[in-house]
Amino acid sequence: PLCSNNNPYASFGATLARDEEQNLWSTPHDVTHTEADDDRVLYNMIVVRNQLDKDSEEWQKLNYDIYTLRQTRKEVRSRWKHILEDLGFQKEADSLLSVTKLSIISDSQNMGKARDILLKLSEETNIFPTSWELSERYLFVVDRLIALDAADEFFKMASVVYPKRPNGERVDDSQKAPQC
């Protein structure tokens, strides 16, 4: 909405700026993602930054950390989307990656398998950055892939597209193996 907090005089630009601060997953106007633990960390960083003087070194450092975290999350999401699209889920990729506070695990018996695949993706591929803490969000995505009988194929493709290097380096686009 253009008006927030029942203030009919709130300007459109100010509303967009507030929406962006709430927009922790970098999806416009989607505040449902503020429920995950990793989103709370980002939200807390934003709250602390907003209490600081914009000219201070602490504000600049926090602002940089917030930007970096958002960019990393966008990159991880982009990697997952790329693989999903390569597996034939062009139209479904965004909905498969959409996790909100209303998302549920489709089958509780798949939880262990989903966790194992997610850990395997983290340990044996570079789909996640080295410093990345596994997000509960991707547990839901892997659960959906298990329900679609596509989790193993996803792992295989992630291993090809984002192979783990012995020293932890990522393969750049010119070095990637041909896609399946």
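In this report, we go over the structure that sits alongside the text. (Residues numbered from 1 in each chain as written. Predicted model: local features only at pLDDT ≥ 70, side-chain atom pairs only at ≥ 80, totals over all residues. Heavy atoms only, no water.)

**A short note on the overall build of the protein chain**
Working step 1: Secondary structure summary: the protein chain contains 7 helices and 0 strands in total.
Working step 2: In the protein chain, the succession of α and β elements from N to C terminus is α-α-α-α-α-α-α.
Working step 3: In the protein chain, which comprises 180 residues, the share counted as buried stands at 34%.
Working step 4: For the protein chain, the computed accessible surface area is about 11,200 Å², with 51% contributed by carbon and sulfur atoms. (Helix = DSSP H or I, 4+ residues; strand = E, 2+ residues; numbered from the N terminus. Buried < 20%, exposed > 50% of the residue type's maximum accessible area, 1.4 Å probe, protein only. Areas by Shrake-Rupley, 256 points an atom, 1.4 Å probe, with all protein chains shown as cover.)

**Topic: the side chain of Asn126**
Working step 1: Inspection of the secondary structure puts Asn126 in the loop between helix 5 (111–124) and helix 6 (136–147).
Working step 2: Within the structure, the side chain of Asn126 is placed 3.2 Å from the backbone oxygen of Pro163, a separation counted as a polar contact. (Polar contact = N/O pair within 3.5 Å; in protein donor to acceptor, adjacent residues only side chain to side chain.)

**Regarding the nonpolar core**
Working step 1: Counting 31 residues, the largest nonpolar core has Trp80, Leu121, Ile127, Phe128 and Tyr138 as its most contacted members.
Working step 2: Within the residue set of this core, elements represented by two or more residues are helix 3 (57–86), helix 4 (93–97), helix 5, helix 6 and helix 7 (151–161).
Working step 3: For Leu121, the contacting residues outside a window of four places in its chain are Trp80, Ile127, Phe128, Val142, Phe154, Phe155 and Ala158. (Core = buried A, V, L, I, M, F, W, Y, C linked by side-chain atoms within 4.5 Å. Contact = heavy atoms within 4.5 Å.)

**A closer look at the packing of aromatic side chains**
Working step 1: With the rule as written, the count across this model stands at 4 aromatic pairs.
Working step 2: Ring geometry for Phe128 against Tyr138: centres 5.5 Å apart, planes inclined by 75 degrees, an arrangement best described as edge-to-face. Remark: Tyr138 occurs in helix 6 and Phe128 occurs in the loop between helix 5 and helix 6; sequence separation between them is 10 residues.
Working step 3: Ring-pair connections join several aromatic residues into one group, and the members of that group are Trp80, Phe128, Tyr138 and Phe154.
Working step 4: The ring of Phe155 carries Lys120 above its face, with NZ or CZ at 4.4 Å from the centroid. (Phe/Tyr/Trp six-rings, centres within 6.5 Å; stacked < 30°, edge-to-face > 60°. Lys NZ or Arg CZ within 6 Å of the ring centre and 35° of its normal.)

**Considering the environment of Asp94**
Working step 1: Secondary-structure assignment places Asp94 in helix 4.
Working step 2: Take Asp94: its relative accessible area is 38%, and that puts it in the partly exposed class.
Working step 3: In the structure, Asp94 is positioned 13 residues away from Lys81 in sequence and 7.2 Å away in space, judged by C-alpha atoms.
Working step 4: When near neighbours in sequence (up to four residues on either side) are disregarded, Asp94 contacts Arg77 and Lys81.

**Here we look at helix 5**
Working step 1: Taking 1.5 Å of rise per residue, 14 residues should cover 20 Å, and helix 5 covers 20 Å from first to last C-alpha, within 8% of that figure.
Working step 2: Among the residues of helix 5, those classed as buried are Ala114, Ile117, Leu118 and Leu121. One side of helix 5 carries all its buried residues, which in axial view fall inside an arc of 100 degrees. Facing away from the buried surface of helix 5 by more than 90 degrees, the exposed residues are Asp116 and Glu123.
Working step 3: Looking at the buried residues of helix 5, the elements they touch are helix 3, helix 6 and helix 7. (Expected span 1.5 Å × (residues − 1). Arc of directions from axis to C-beta.)

**So, unusual backbone geometry**
Trans is the prevailing form of peptide bonds, just as negative phi is the prevailing case for residues other than glycine.
Working step 1: In the Ramachandran plot, Asp149 falls in the positive-phi region, its phi being about 55 degrees despite a non-glycine side chain.
Working step 2: Structurally, the position occupied by Asp149 is in the loop between helix 6 and helix 7.

**Considering the packing of helix 3 against helix 6**
Working step 1: Two elements in contact, helix 3 and helix 6, have axes separated by 13 Å at closest approach and are oriented at 5 degrees. Taken together, the axes of helix 3 and helix 6 lie roughly parallel to each other. Within the contact between the two elements, helix 3 uses Arg73, Val76, Arg77, Trp80 and Leu84 and helix 6 uses Arg137, Tyr138, Val141, Val142 and Leu145.
Working step 2: Residues belonging to the contact of helix 3 with helix 6 are distributed by class as follows: 7 nonpolar, no polar and 3 charged. (Axes fitted to C-alpha atoms, helices over the stretch in contact; angles between N-to-C directions. Parallel < 35°, antiparallel > 145°, perpendicular 65-115°, else oblique. Nonpolar A, V, L, I, M, F, W, Y, C, P; charged D, E, K, R; others polar.)

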